[in-house]
Amino acid sequence: MTLDSSFTFPNSPTTFFPINSVVETTKGSWSFEREISNGKNPVWEATESSRNASSNSSERSFAIRITSLSKATASQQVNQINQTALIYLFCERKGIEGVLRLKGLSSAYSPDGRSEIYEVFPRHEEIHTNMSFEEKRSFLNSLAKTIYNLHENDIVHWDIKPSNILVTNQKTPCLSDFECSWMSKGKATDHAPQKIPTTVEELEEFGCNPPDKSEGDLRYRAPRPRGENESPKARDCFAFGATAYEILSGISLYEDAKKEILELEGKEIKNPFGYLVNLNQKILFQLVNDRFSEYPLAADLLTNLLSLDESQWMTMEEVIKHPFFQYTGCQSF
Ligand SMILES: Nc1ncnc2c1ncn2[C@@H]1O[C@H](COP(=O)(O)OP(=O)(O)OP(=O)(O)O)[C@@H](O)[C@H]1O
Ligand SMILES: [Mg+2]
């Protein structure tokens, strides 16, 4: 196997190699402290102790997200992970703020899989509940700017939801989990680039196809009949609306809609598809107006984002200009 070590992630404990090759840890030893999430892909907090030549030892913590590869689809999965890595790298090189920084890729900790190594963040749920309304407003303003900047660069995230937004110690958002995202700027190719793009110019030529499994979390997608798709950027706008609803009110739109539909129609929704079929615009706007009766600007913003008619949706540019975010206490990053 030929390993091309021409590219190293900045500050990376590992080296990133082209598609279908192996990434080795180059220094340090790791201890896995605790499992942060046992979702689809387990995420561990790991501490690296490294010793340099002068024998000073230092410790750094990372979040390690492990993807198991299934034999049948391993090469597509690896391709997907590497495409995602390039999107992270593009964001970093372009200086797009509010996006998680990928520190490296590794195969050292899961023989049948790949691990992505990130900086580690405090748990988001606890932080959201401790934020004041104004802090949440400012938080959402920064998040909206990040999504706007991604869209300006023809990147769609496609899985925006509270659990994919980490929170820094300064209470600013950090968007993570780009597994469903894609970049349509450059020329999409199914093959590994011969040379890994590293400069902004090279990265701008890079494009990828939408991932095969690009559903994202259906609870944060616009209710619509199966098979009918919204335009790529618009999907993020609805999901931002559902995320803002949840962060500001503390209750998810999906849970609220479930209760409302049960009360009004006696129908119990067991899965997100039921939610898609049963929700109507009147119920949705009623929920927004009830939850945000004391916050008319928030209600106006959410009504514009959570319309069931895509042609009514605001773009992220309109969102960041909305009066809800023109409040002076709203600071960005
Ligand atoms: N860098 C990180 N620092 C701290 N916690 C993290 C980090 N990355 C992920 N997590 C935690 O792990 C959870 C799951 O991570 P991630 O979204 O990457 O995996 P997932 O399998 O796609 O999960 P989901 O289906 O919920 O989106 C996050 O919701 C968060 O709580
Ligand atoms: Mg996730």
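Residues numbered from 1 in each chain as written. Chains lettered and ligands numbered in written order. Predicted model: local features only at pLDDT ≥ 70, side-chain atom pairs only at ≥ 80, totals over all residues.

The number of helices and strands found in the chain is 10 helices and 11 strands. The long-range fraction of contacts in the chain, counting pairs at least 24 apart against all pairs at least 6 apart in sequence, stands at 59%. (Helix = DSSP H or I, 4+ residues; strand = E, 2+ residues; numbered from the N terminus. Contact = placed C-beta atoms within 7 Å.)

The next subject is the nonpolar core. Core analysis: the largest hydrophobic core is formed by 62 residues, its most contacted members being Ile87, Ala144, Ile147, Phe238, Phe240, Leu302 and Leu305. The biggest single contributor to this core is helix H5 (residues 232-249), with 9 residues. Residue assignment places this core across two domains, with domain 1 (5-122) and domain 2 (125-180 + 215-326) each supplying three or more. The contact partners of Leu305, leaving out residues within four places of it in the chain, are Cys237, Phe238, Phe240, Gly241, Trp313 and Met314. Trp44, Ala46, Phe62 and Ile117 belong to the second-largest nonpolar core, a separate cluster that totals 7 residues. (Core = buried A, V, L, I, M, F, W, Y, C linked by C-beta atoms within 7 Å. Buried ≥ 20, exposed ≤ 12 C-beta atoms within 10 Å, placed from the backbone. Domains from an automatic or database assignment.)

The next subject is helix H9 (residues 296-305). One turn of the α-helix equals 3.6 residues, which is why residues spaced by three or four share an orientation. Residues of H9 that are buried: Ala298, Leu301, Leu302 and Leu305. Looking straight down H9, one finds that the buried residues subtend no more than 95° of arc, so they occupy a single side. Looking at the packing, one finds that the buried side of H9 touches H5 and helix H8 (281-291). (Arc of directions from axis to C-beta.)

Averaged over all residues, the pLDDT of the chain equals 79, while 76% of them reach at least 70. Strand E10 (residues 187-188) is the least confidently modelled element of the chain, averaging 66 in pLDDT, while helix H10 (residues 316-321) averages 96, the highest of any element. The low-confidence segment residues 1-26, where pLDDT is below 50, has 62 contacts with residues more than four positions distant or belonging to other chains. (pLDDT = per-residue confidence, 0-100.)

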